[in-house]
Structures are given as structure tokens and as C-alpha cells.
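# Survey of secondary and tertiary structure
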Amino acid sequence: MTTAPVTSSNRVARDFDRPLWKRLVLSRETAIIALLVVVALVAALTVRGFAQPITFTYLILDVAPILLIALPMTLIMVTGEIDLSVGSMVGLSSVVTGVLVQSGTPFELAALVALVVGVIGGAFNGFLVTVVGLPSLAVTIGTLALFRGLAVGLLGTTAVTSFPETWTDLAKAKFAGTPIPAIIVPFLVLLVVFVVLLHFTPFGRGIYAIGLSKEAAHFSGVPVERTKFVLFVLAGVVSAFAGIYYTLRFGSARGDNATGLELQVIAAVVLGGVSVFGGRGKIHGVIAAVLLIGILASALRLANVTSDVINIITGALLVVSVVAASFLAWVQKARRKPGGRVRAAASTA
Amino acid sequence: MTFARKGAAAAALTMGIALALSGCALDSGNSDSGSGSEGSSSGGGDSSNLTVTFLPKNLGNPYFDTSSKGGERAVEEFGGTFAEVGPAEATPDAQVSYINTATQQGVGALVVSANDPQAICDALNEARDADVKVVTFDSDTNPECRDIFVNQADAEGIAKVQADLIAEQIDGDGEIAILSAAANATNQNTWIEMMEEYLGSEYPDIKVVETVYGDDDDQTSFDKTAALLQSHPKLEGIVSPTTVGIAAAARYLQTSDFQGKVALTGLGTPNQMREYVEDGTVEAFALWNPEDLGYLSAYTAQALIAGDITGEEGDTFEAGDLGEYTVGADGVVLLGDPFVFDKENIGDFDF
């Protein structure tokens, strides 16, 4: 475990030694995008019913909550933290919206309150991680249960289904004459915000610095705790937004909405090339990974493959990609400089 | 990094082969579904597309395994193509993906047990817009989201079969009690009310002395059974119109002096009740036969595809071995009287 940050920084240092074109062509992100294209092509050619515009619509509608939440999750995981409570926050914001609408609150106000609940939930995670100093894995396992418990407690096993049609229609609307769903607009806005934030601002460089070495980041003036706090709040509010979308898309607020979504998000982020130890990963890789998993599931469902087998295939893809990346990095290093591992270990001592 | 690329290439190849193989399998499986224009009349659907997809609440559930078995048998009989798909967890959002898939595939009919009456509505209506016939069974959606609901049993039939069973077991005379689920469970209260009415008119010597509520909790139901038998020493029988209640009551009776002296009946599943029926604690109980439910649902789908029925009240169709059925109000087809399970037939069921 102690060698992990060293491994990452070595890899980054090596990356910067190379010319730009080589970094782009040979990166993990490029490999995922290539895989995405290959799988999409094979599916279009071999799976009946796949190559039609409606496939794209359903795909985007299906993966929209994952796409949305993967954005803040990427940033959190680049700092080396994790947020397991996002799926429960989707459920909680869905229930909050539902309960308020049921008691006569206008939908717009109910949605606003749900977003505020997202901010509060995220701030609670952030407080426990940064101020109290607890590990995010433990904190968010706790809030995963807490938020879900609140959601189910508020609404029980019933569902609220009376939402204004203008809003439910909007959640499923497509741009006239195209298969492009309207949800893509808020997603693209958030995508731009997060790409700029991560890749083009000092805040983003701080995020990578924290992931590579918290201490080094701290001594070079990065506000480590404040950065992490902001990221947890972002994850909370984006999850709440996803919860509102979820509620409108199905026209149903339920306590068990989006159960297990956090695992799908984290799986996509890891497959997209974000290191679980932090310090490494890019948003475009993550987006490609979300789409890859979505297309694979969609194609396999069309081929009447059972859900268990779909889980096995997507799970195996994840394991193979993560194991292969670590294994190949290890092989390369062992080849390049014999005894390198020993020296790396010694340097941390 | 070249290794990484090779790894990615190998993975892509594997995925590609997997998809290609499954794609081929699908093609051959659907070769007779003929989604072409031949025979497709507007509104009536494509009468040659006998592809019927069953979408239960979740897979790996013995109840739905049994209903799908019936569905598959029916589809084989009328020469269609049967498929069963579904999520691992019984959630509405997971079901929506499968409904969308059926729309993309252009199946002839989709037979669904809904995980939520509202959440899958839009997806079902999109499927219907694409000429897919939608039959709900076991658990309905809002009526405007499907063509027909195949109902396993109506309140009247459930009330009647339980009253007849208990009357038969106590020879039409004596004190009985009711062990229900929650005090505010609408369906339970309707059944109990109808049962009391029917007992009053058909079996005047039977007296319902108390109704208790086990909240569909095993331990509470067990305790309430014990309390009932303590407070009513002359009790001849118990009716429990809930699968949790009847199993808990049977477990109590089995270990008490009342075994074989106090009759117990109600609604239960064969797997839960098997040991109590086999050792004589329980003589007979009722539920519906999920295999028949799936069988009838598949024939309903076929009748819709063929244009024999549209879901209008009064439409009639033939359902194989089960005979002729008539569509009732709100597009509901009723399977029939509940099925009575006893020592003779319980071995034939596994759900």
C-alpha cells in the first residue's frame, strides 16, 4: 500500500517525458474509446434491432443518472477518496420531491428543496471526511445506509406518482425529429463545467496533486480539506439532480429508486481509467466507459442474454481491465529497471 | 503501453465474438417471427408475429418460474416463439430497460408482471405505439398502460373458496377466527367482509368470534395464533387469508396440542405449506395456479396479436386446455376460481 502513491507519480512522470501525440494515442482513455467503437460496431452489425435511432434514445435515458454522477465521482476518486452514498442520495431526493409534491407543494419548489437536501447530504459527508478526518469509505458506507433509511422511512413502500405532466414529459422529451433526449442538455452543461474545473483550473490541478500526495499538495499551498469538502457537496447536489430526473422519467418517487447505482458509477469511473489510489484519470475516459457498459448491456439484452450473464460479462470486463492495467504496469516496470521496485520502496522509507 | 493496447484489443475481440455469437443465436431464434409488412393491418398488429416475451417481476423466483413454464407451453402450442427476460432485482427501473428492449426487438406481445403500477407505464405505452401488444399478469399497471390484465383471482372467488374450505373442515358448525395481515390492508379487509357475508348466508351455524392481525410478520402471526387459541377454548378453525399468516399459524398448530383438532385454511403457497399438509396439520388451502396463469396470459397475448380480441369488454377467445374466456370490465380477464391444494396434488407444485 505504501508504494502506491510512488507508483502513480512514477507513471505520471513517465507520461510527461513523452511527446503529446504518444500520450494521446497510447493512453488508457484511448483504449477505452477504441473498445467502445468496436463494441458499438459489432453490436450494430450482429445484433438485430440494435442499429436503429431509438437505441440511442434509450441508451442515453438509461445511463443519464450514471453519466451525471460519474462527473463529480471522477473528481472525488482522483483525490483518492470515494463516495458510496450517491445512489442513496438519488433515492432520498426522489422521495423528498415526491413527499412534498404529495403534500401540495409546487413541483419546482419541491425540486429545489431536494437539491438543498443534496447540498446538505454532501456537506455532511464532506464534514465527516475533512473536519472530523474519517476515511471517506467508512463515512459514505454509513451515509449510504442513512440516506436510504431516511428515504424508505419517509415514504415506506408506497410510491408517489402524481407529478405535473409538463415536467415528466420534459424528462423523456426528444429534440423534434431526432433521437436525442433533452436530458443531454443539462448533462452537457455539467460536463463542460467539470471538464474545465478538472483540466483547466488551479482547483483541478489541486485535485490531481491531492491524489498523488496529500502532504506534498498541502505544502505546495493546495487547500486539501476545502477542495475535498467542495467535491462532496458537488457529488451530493448532482446526485439530487439525478434523483429528480429519475423521479420524472419514471413518474414515480420510491424509496428504493436507484438502489445500487453507486456501484455502477464507481465501476464506470474505474473502467474509465481513474486510479483507485487517486492522482490519475480523465473525464473523457469515464464518459466512454459509461457508454461502453451501457451499449454492452443494451446489446446483450437485445440478444435475450439473461441479466445474470450480463452482470458476469460487465463485471469480468471491469476486473480484466483493472487487473490488466496493473499487471502490465508492473511487467513494464520490472522490465525497464530491474530492482526498481526495491528502490521505490526504499525511497518512501 | 503496447501491452495495454494488446489487452484492450483482446478484450474487444472477445466482446465482439460474444456479441456476434449471441446475435446469431437471436437471428436463428427469431427467423420465423417475420417482422415484414406482410399481413400487418393498421391497428390489428402483425398477426404473423407470434414472438411472445415474458417479463416477470424478477428472474430466479419459483413463482414466476412456474408461470413462465405455463407461458412457454402455451406458446409452443400455438407455434410462436417464447422468450423470458427480466432483471435480477424486482425494481421498476430495471424492468423499464427490458420493456424498451422488447420495443426495439419489435416482439409481437409482452407479458409483464409490474413492479410498480405507474413507473413502467410510459415504457409500455411506447411499446404499444410500436405495435407490441401488452398483457399484464399477476400484478397490474394502471389500466391505460396495457391492453389486458389477466387477473389470478377476484375478491369474491377468494372469499368463497376460503369460506367453503373452512366449512367443509369443521362440518359447517362451530366457532372460527380470522388471522389477517395488517388492519388497514384493503384487499384483506374486502375478502374478510365478503367471507363473513357469505358464511352468514350459506353456513348460519358458523360464528366468527374474532379477527386478529399478524401484520404479515411471521413472529407476530405466530403469537396471535397462540393468543387466539388461549382466549377461545371452543375454537374449531382459523382462516388466514395471507401467506405469511397461514404458515406461521400452521407452525404453531404443528407443535401444540391443537394439531389436528383445530382446522386451518386460507391462502398459502405449496412450498411453505408442504410439510403441514403432509403431516395432517392442514387439510387444504387455496391460491391460484401460477402455471395456468402464465398459460392463459400467453393465449391472451396470442388472441391480441391475431386480432381476435382488442381488450373490449365482452370479447371472447379460446385459451387452449383452459377453454373459452371473456374479457371483463376494464380489460380484465379472470383466470377463474382459486385453486385448492391438498395432500393429493401438492406434490405437483414447486413455488
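Residues numbered from 1 in each chain as written. Chains lettered and ligands numbered in written order. Predicted model: local features only at pLDDT ≥ 70, side-chain atom pairs only at ≥ 80, totals over all residues. Heavy atoms only, no water.

## Focus: the overall build of chain B
Within chain B, the regular secondary structure consists of 10 helices and 16 strands. Within chain B, buried positions represent 55% of all 351 residues. Long-range contacts, defined as pairs at least 24 residues apart, comprise 68% of the intrachain contacts of chain B with a sequence gap of at least 6. (Helix = DSSP H or I, 4+ residues; strand = E, 2+ residues; numbered from the N terminus. Buried < 20%, exposed > 50% of the residue type's maximum accessible area, 1.4 Å probe, protein only. Contact = heavy atoms within 4.5 Å.)

## Some points on the state of the cysteines
All names here are of chain B. Per the stated rule, a full pass over the model turns up one disulfide over all chains. Two residues share a disulfide in this structure: cysteine 121 and cysteine 145, whose sulfurs sit 1.8 Å from each other. The sign of the 80 degrees torsion about the S-S bond sets the cysteine 121-cysteine 145 disulfide as right-handed. Of this pair, cysteine 121 sits in helix H4 (residues 121-129) while cysteine 145 sits in the loop between strand E6 (133-137) and strand E7 (148-151); the two residues are 24 residues apart in sequence, bridging distant segments of the chain. (Disulfide = S-S within 2.5 Å.)

## Quick notes on the UniProt feature "domain: Periplasmic binding protein" (unreviewed entry) in chain B
According to UniProt, the "domain: Periplasmic binding protein" (unreviewed entry) feature falls on residues 53-307 of chain B. For the annotated span residues 53-307 of chain B, helix accounts for 49% and strand for 19% of the residues, and the straight-line distance between the end C-alpha atoms is 18 Å. (UniProt positions renumbered as here; feature names shortened; annotations may be inferred.)

## Re empty space enclosed by the protein
The full count for this structure, using the stated rule, is four cavities of 30 Å³ or more. The volume enclosed by the largest cavity comes to roughly 90 Å³. Lining the largest cavity we find Tyr58(A), Leu61(A), Lys172(A), Arg249(A), Phe250(A), Val96(B), Asn100(B), Ala119(B), Ile120(B), Asp122(B), Ala123(B) and Glu126(B). Looking at the lining of the largest cavity, the elements that each hand over two or more residues are helix H4 (53-78) and helix H12 (224-250) of chain A together with helix H3 (92-105) and H4 of chain B. Residue composition of the lining of the largest cavity, grouped by class: seven nonpolar, one polar and four charged. (1 Å grid on protein atoms, 1.4 Å probe; cavity = no way out; pocket = protein on both sides within 12 Å on 5 of 7 lines; lining within 4 Å. Points joined across faces, edges and corners; volume = space filled by probe spheres on them. Nonpolar A, V, L, I, M, F, W, Y, C, P; charged D, E, K, R; others polar.)

## Some points on the pairing of strand E11 (residues 263-266) of chain B
Residues and elements named next belong to chain B. Burial along E11 is two-sided: Ala263 and Thr265 facing one way and Leu264 and Gly266 facing the other are all buried. As paired strands, strand E10 (residues 235-240) and E11 are joined by four bridges and run parallel to one another. Opposite isoleucine 238, over in E11, you have leucine 264 as the bridge partner. You can see the chain leave E10, run along helix H8 (residues 243-255) and come back into E11, and the turn it takes is right-handed. (Pairing = 2+ DSSP bridges. Right-handed = clockwise from strand over helix to strand, strands pointing away.)

## Description of the sheet that holds E7(B)
All names here are of chain B. Taken together, the six strands give an open sheet; going across it, the order is E4-E3-E5-E6-E7-E15, and neighbouring strands pair in parallel fashion. The two strands at the open ends of the sheet, each matched to only one other strand, are strand E4 (81-84) and strand E15 (332-334). Here the strands of the sheet are splayed against their neighbours by 20 degrees on average, with no regard to which way each runs. With four bridges connecting them, strand E5 (residues 109-112) and E6 associate as parallel partners. Residue pairing in the sheet places alanine 109 in a bridge with lysine 133 of E6. (Axes fitted to C-alpha atoms, helices over the stretch in contact; angles between N-to-C directions.)

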